[in-house]
Amino acid sequence: MTATNPSDAVDVVDSEKLEELLHQVVADVGAAMTVPLALIGDRLGLFTELADGGPMTAERLADRTGLVERYVREWLLAMATTGYVTYDGGDTDPATARYRLSPEQAEAFTDTESPAYIAGAFQNLTAATRILDRLTEAFRTGEGVGWHEHHEDLFLGTERFFRPSYLANLTTTWIPALPGVEEKLRTGARVADVGCGLGASTIIMAREYPQSTFVGIDYHAPSIVLAQHRAAEADVSDRVSFRTAGAADLEGAFDLIAFFDCLHDMPDPVGALSAARSALADDGAVMLVEPMSWDTIEETLNPLGRLLAGASTWICLPSGLSAEPAYGLGNQAGPAKTCALGREAGFSVAREAVATDFNRVYELRK
């Protein structure tokens, strides 16, 4: 009797599963085509004009935007096929077909103050893919790509992408989930925003808590310049300052130190948290806001996990490998790992305080 070696077994292709896979690839490639085209529409004001002007033909939309009708017509068809624009009817001639934005489409793509505003994702994710050749080589060498090395659209798109969530949750859900912190902010506290980027989170807090003072730091100097302009426009410059500095360069004692969607990008997350602990008042708190993540692979196999794991591969992991000690955390660390990092940095309290659809918020205390 001859024993059978399992490795000699021949896998049989399931034709139905193969067809499902091919259909998924077609859908994925179509989606990949859509994102940069949507960014073009965002840049050229096509979504805004459709929202303001009601149903219109490609010719009318081209006239209103000063663009070429033939390109606008094709763009409208592409957006309608993916559900980003609504086909409103017309005769059989594509040149006279009418398109519009539904109220939901208008809010998602044109209302910058809405929690549902998502247009920043087009800019953010299209910018990330510009490092394709470098990322390919990084797979061979293990080298990173620093945040500052990306196209400027990544910095602008990141602010646009995250700001709606901050508007919806920062002062209504996240800060209130940390015992005693909001009361301090109402009466007057000193706050540091580490990795502040263009300052959206800092300015939102400053507007809500006028008795407190805020310092935003980020190692990316062009972002700090824009943050300073944003603060002046928001009329909070008397209580908000921004400076170019790393996470280890906090000066003074703070009642609240916040990290918004940035710790996982840092090459030395434990060092950054240790520095925050040293700069924290004895009764202060660190608020760590991180993208939604899970502790197991099985939990991560969902549409949001797909988006975030992809973004981590394009942006977060390369950034985390771009300098020593090159920790390479990535945005899918999970709550258990994230809390363990807090304890490794010397915090006696490291817990998840609250979660929303897209974020987990952690509280760290001495």
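Bringing a negative patch on the surface into the picture now. Together, Asp-14, Glu-16, Glu-19 and Glu-20 make up a negatively charged patch on the protein surface. For Glu-16, the position within the fold is in helix 1 (residues 15-44). For Glu-16, a relative accessible area of 58% gives the class exposed.

This part covers the pattern of salt bridges. Two side chains bearing opposite charge may form a pair once their charged atoms approach each other closely. Summed over the entire model, instances satisfying the criterion amount to 19 salt bridges. Across the pair Glu-69 and Arg-73 runs a salt bridge whose closest N-O atoms are separated by 3.0 Å. One end of the pair is Glu-69 and the other is Arg-73, both in helix 4 (residues 69-82) and 4 residues apart, which spans about a single turn. Assessed through its relative accessible area of 22%, Glu-69 is described here as partly exposed. Arg-70 serves as the salt-bridge partner of Glu-74, at 2.6 Å between the closest nitrogen and oxygen. Of this pair, Glu-74 and Arg-70 both sit in helix 4, 4 residues apart, which is roughly one turn of that helix.

Attention shifts here to the sheet that holds strand 3 (residues 98-100). As summarised here, the arrangement of the 3 strands in space is 1-3-2, forming an open sheet in which the pairing is antiparallel. Two strands in the sheet have a free side with no partner beyond their single neighbour: strand 1 (56-57) and strand 2 (86-89). Across 2 bridges, strand 1 lies against strand 3 in antiparallel orientation. In the sheet register, Thr-57 faces strand 3, and the bridge partner there is Arg-98.

This brings us to the layout of surface pockets. One simple way to see leftover space: roll a probe sized like a water molecule over the atoms. Within this model, the second largest pocket holds a volume of roughly 770 Å³. Lining the second largest pocket are 24 residues, and of these Ala-31, Ala-32, Val-35, Leu-125 and Leu-307 lie nearest its centre. Every element with two or more residues in the lining of the second largest pocket is listed here: helix 1, helix 6 (120-128) and helix 14 (303-320).

This next bit is on the nonpolar core. Across soluble globular proteins, nonpolar side chains show a tendency to be buried alongside one another. If you look at the biggest cluster of nonpolar residues, it comprises 34 residues, and the most contacted ones within it are Leu-170, Trp-174, Leu-178, Phe-260 and Met-287. Counting 30 residues, the second largest nonpolar core, distinct from the first, contains Val-194, Met-266, Ala-272 and Ala-276.

Before going further, it helps to examine the pairing of strand 9 (residues 349-355). Bridge count for strand 9 against strand 10 (residues 359-365) is 6 bridges, and the pairing is antiparallel. Bridge pairing links Val-354 to Val-361 in strand 10. Joining the antiparallel neighbours strand 9 and strand 10 is a turn of 3 residues.

So, on to a nonpolar patch on the surface. On the surface, a cluster of nonpolar side chains totalling about 650 Å² of accessible area is made up of Val-13, Leu-18, Leu-21, Leu-22, Val-25, Val-29 and Met-33. Here Val-25 falls in the partly exposed class, since its relative accessible area comes to 41%.

Under the definition given, this model contains 1 cavity of 30 Å³ or more. If you trace the largest cavity, you find it lined by Val-181, Lys-184, Leu-185, Ala-189, Asp-255 and Leu-256. If you list the elements that add at least two residues to the lining of the largest cavity, you get helix 9 (181-187) and strand 7 (254-260). Considering each element in turn, the lining of the largest cavity owes the most residues, 3 residues, to helix 9. Partitioning the lining of the largest cavity into residue classes produces 4 nonpolar, no polar and 2 charged.

Viewed as axis vectors pointing N to C, helix 2 (residues 46-53) and helix 4 meet at an angle of 80°, and their least axial separation amounts to 12 Å. Looking at the two axes, helix 2 sits roughly perpendicular to helix 4. Contact residues: Leu-46, Phe-47 and Leu-50 in helix 2; Val-72, Trp-75, Leu-76 and Met-79 in helix 4. When its residues are assigned to classes, the contact of helix 2 with helix 4 shows 7 nonpolar, no polar and no charged.

By the element assignment, Arg-343 lies in helix 15 (residues 335-344). Exposure remark for Arg-343: the relative accessible area of 46% places this residue in the partly exposed category. Residues within four places of Arg-343 in sequence aside, it is in contact with Ala-336 and Ala-350.

Across the junction of Glu-324 and Pro-325, the peptide omega takes the value 5°, indicating a cis bond. Position of Pro-325 relative to the elements: it lies in the loop between helix 14 and helix 15. Notably, Asp-235 is not glycine yet its phi reads approximately 60°, a positive angle. Relative to the assigned elements, Asp-235 resides in the loop between helix 11 (221-233) and strand 6 (240-244). A residue is classified by how much of its surface remains accessible, and Asp-235, at 65% relative accessible area, is exposed. Phi at Asp-261 is positive, roughly 50°, even though this residue is not glycine.

The next subject is the sheet that holds strand 6. Within the open sheet, the 7 strands sit side by side as 6-5-4-7-8-10-9. Their pairing is mixed. Looking at strand neighbours, the two that pair on one side only are strand 6 and strand 9, the edges of this open sheet. Within this sheet the neighbouring strands show an average axis-to-axis angle of 20°, counted without direction. When strand 4 (residues 190-194) meets strand 7, the two strands line up parallel, connected through 4 bridges. For Val-191, the partnering residue across the bridge sits in strand 7 and is Leu-256. Along the sheet, helix 11 contacts strand 5 (213-218) and strand 6; its crossing angle with strand 6, the most-contacted strand, is approximately 165°.

What counts as what
Residues numbered from 1 in each chain as written. Predicted model: local features only at pLDDT ≥ 70, side-chain atom pairs only at ≥ 80, totals over all residues. Heavy atoms only, no water. Patch = residues over 30% accessible without salt bridge, like charges linked within 9 Å, V, L, I, M, F, W, Y side chains within 5 Å. Areas by Shrake-Rupley, 256 points an atom, 1.4 Å probe, with all protein chains shown as cover. Salt bridge = Lys/Arg side-chain N within 4 Å of Asp/Glu carboxyl O. Lys, Arg positive; Asp, Glu negative; His and termini not counted. Charge placed at Lys NZ, Arg CZ, Asp CG, Glu CD. Helix = DSSP H or I, 4+ residues; strand = E, 2+ residues; numbered from the N terminus. Buried < 20%, exposed > 50% of the residue type's maximum accessible area, 1.4 Å probe, protein only. Pairing = 2+ DSSP bridges. 1 Å grid on protein atoms, 1.4 Å probe; cavity = no way out; pocket = protein on both sides within 12 Å on 5 of 7 lines; lining within 4 Å. Points joined across faces, edges and corners; volume = space filled by probe spheres on them. Core = buried A, V, L, I, M, F, W, Y, C linked by side-chain atoms within 4.5 Å. Nonpolar A, V, L, I, M, F, W, Y, C, P; charged D, E, K, R; others polar. Axes fitted to C-alpha atoms, helices over the stretch in contact; angles between N-to-C directions. Parallel < 35°, antiparallel > 145°, perpendicular 65-115°, else oblique. Contact = heavy atoms within 4.5 Å.

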